[in-house]
Amino acid sequence: MELEQSCIFCKIVRQEVPAKRIAETENVLAFFDINPAAPTHILLIPKLHIASGNDLNLAHGPLLAEMILLATDLAKQQQIDGTGFRLVLNTGPAAGQSVDHIHLHLLGGREMGWPPG
Ligand code: 5GP
Ligand code: ZN
């Protein structure tokens, strides 16, 4: 599919674009964000292309559980579980989604404001 051919995160999955990978499961890949917004900033993506949160349905439940549980495992591994961390799924332009392949941000290692900007 054209979209998946050109999608930057699909290219990372296919190793056509380099990324600092940290973990993977059967369906999920985790790598460090190229422009970190916190001392720990990891992205978790499904290996198969899903454009945005608007495309999710109940059938994605196990995949989403895999993403969240891998994120919480990585939070422990990165030792930000005690101080706290944030999982963010920006969906759509007003929320700041800039890559049209769903990605869960794992952010931690600093104090964070609420509400987010
Ligand atoms: P969004 O704004 O869509 O929620 O988040 C996209 C994130 O992907 C940003 O934090 C941005 O720094 C990161 N990003 C964009 N392109 C690349 C890339 O090629 N490699 C990596 N590792 N991160 C990327
Ligand atoms: Zn993609």
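If you're wondering where the values come from, they're calculated on a predicted model, not measured in any experiment.

A.B. asks: Is there a simple way to think about the site of ligand 1 in this case?
C.D. replies: Not every one of the 17 residues close to ligand 1 is listed here, only the nearest: Asp33, Gly96, Ser98, His103 and His105. Between ligand 1 and aspartate 33, the relevant distance is 2.5 Å, taken from an oxygen atom to a side-chain nitrogen or oxygen of the residue. Between ligand 1 and glycine 96, the relevant distance is 2.7 Å, taken from an oxygen atom to a main-chain nitrogen or oxygen of the residue. Relative to its unbound accessible surface of 520 Å², ligand 1 loses 83% to contact with the protein. Comparing atom positions with the cavity grids shows ligand 1 to sit within the largest pocket.

A.B. asks: I tried to follow the coordination of the zinc ion (ligand 2) on my own but got confused; where do I start?
C.D. replies: Where a metal carries four tetrahedral donors, each ideal angle is 109.5 degrees; where it carries six octahedral donors, the ideal angles are 90 or 180 degrees. Protein ligation of the zinc ion (ligand 2) involves Cys7 (SG), Cys10 (SG), His49 (ND1) and His101 (ND1), the donor distances falling in the range 2.1 to 2.3 Å. The coordination sphere of the zinc ion (ligand 2) comprises four donor atoms, whose angles at the metal cover 107 to 116 degrees; the geometry is tetrahedral.

A.B. asks: Is there a simple way to think about the pattern of salt bridges in this case?
C.D. replies: Tallied over the entire structure, the rule returns three salt bridges. Note that glutamate 16 is salt-bridged to arginine 14, the shortest N-O span being 2.7 Å. Glutamate 24 serves as the salt-bridge partner of lysine 47, at 2.6 Å between the closest nitrogen and oxygen. One end of the pair, lysine 47, is in the loop between strand S3 (40-46) and helix H3 (61-77); the other, glutamate 24, is in strand S1 (residues 21-24), and 23 residues separate them in sequence. Three or more residues joined by partner-sharing salt bridges are found here, namely Arg21, Glu24 and Lys47.

A.B. asks: Explanation requested: a nonpolar patch on the surface in the structure shown.
C.D. replies: Nonpolar side chains collect at one region of the surface, where Ile68, Phe85 and Leu87 lie side by side and expose about 220 Å² of accessible area between them. In this fold, isoleucine 68 is placed in helix H3. Classification of isoleucine 68 as partly exposed rests on a relative accessible area of 41%.

A.B. asks: Sorry if this is basic, but what is going on with the packing of aromatic side chains here?
C.D. replies: Enumeration according to the criterion identifies one aromatic pair in this entry. With 5.4 Å between their ring centres and 75 degrees between their planes, phenylalanine 9 and phenylalanine 31 make a pair best called edge-to-face. Of this pair, phenylalanine 9 sits in helix H2 (residues 8-13) while phenylalanine 31 sits in strand S2 (residues 28-32), placing them 22 residues apart in sequence. For phenylalanine 9, a relative accessible area of 7% translates into the label buried. Its guanidinium or amino end placed over the ring of phenylalanine 32, lysine 20 lies 4.8 Å from that ring's centre, counting from NZ or CZ.

A.B. asks: Any chance you could explain the sheet that holds S1 here in plain terms?
C.D. replies: What holds strands together in a sheet is hydrogen bonding between their backbones, with the strands either parallel or antiparallel. Read across the open sheet, the five strands follow the order S1-S2-S3-S5-S4; overall the sheet is antiparallel. The open sheet has two edge strands with one neighbour each: S1 and strand S4 (85-88). Strand-to-strand, the axes of this sheet are offset by a mean angle of 20 degrees, without reference to chain direction. In this structure, S2 lies alongside S3, joined through five bridges in antiparallel fashion. The residue of S3 that forms the bridge with valine 28 is proline 46. Where H3 meets the sheet, its contacts fall on S1, S2, S3, S4 and strand S5 (104-108), and the angle it forms with S3 comes to roughly 160 degrees.

Parameters at a glance
Residues numbered from 1 in each chain as written. Chains lettered and ligands numbered in written order. Predicted model: local features only at pLDDT ≥ 70, side-chain atom pairs only at ≥ 80, totals over all residues. Heavy atoms only, no water. Near = heavy atom within 4 Å. Polar contact = N/O pair within 3.5 Å; in protein donor to acceptor, adjacent residues only side chain to side chain. Areas by Shrake-Rupley, 256 points an atom, 1.4 Å probe, with all protein chains shown as cover. 1 Å grid on protein atoms, 1.4 Å probe; cavity = no way out; pocket = protein on both sides within 12 Å on 5 of 7 lines; lining within 4 Å. Sits in = over half its atoms within 2 Å of the grid points. Donors = N, O, S within 2.8 Å, 3.2 Å for Na, K, Ca; no water. Tetrahedral: all angles 85-135°; square planar, octahedral: opposite > 155°, others 65-115°. Salt bridge = Lys/Arg side-chain N within 4 Å of Asp/Glu carboxyl O. Helix = DSSP H or I, 4+ residues; strand = E, 2+ residues; numbered from the N terminus. Patch = residues over 30% accessible without salt bridge, like charges linked within 9 Å, V, L, I, M, F, W, Y side chains within 5 Å. Buried < 20%, exposed > 50% of the residue type's maximum accessible area, 1.4 Å probe, protein only. Phe/Tyr/Trp six-rings, centres within 6.5 Å; stacked < 30°, edge-to-face > 60°. Lys NZ or Arg CZ within 6 Å of the ring centre and 35° of its normal. Pairing = 2+ DSSP bridges. Axes fitted to C-alpha atoms, helices over the stretch in contact; angles between N-to-C directions. Contact = heavy atoms within 4.5 Å.

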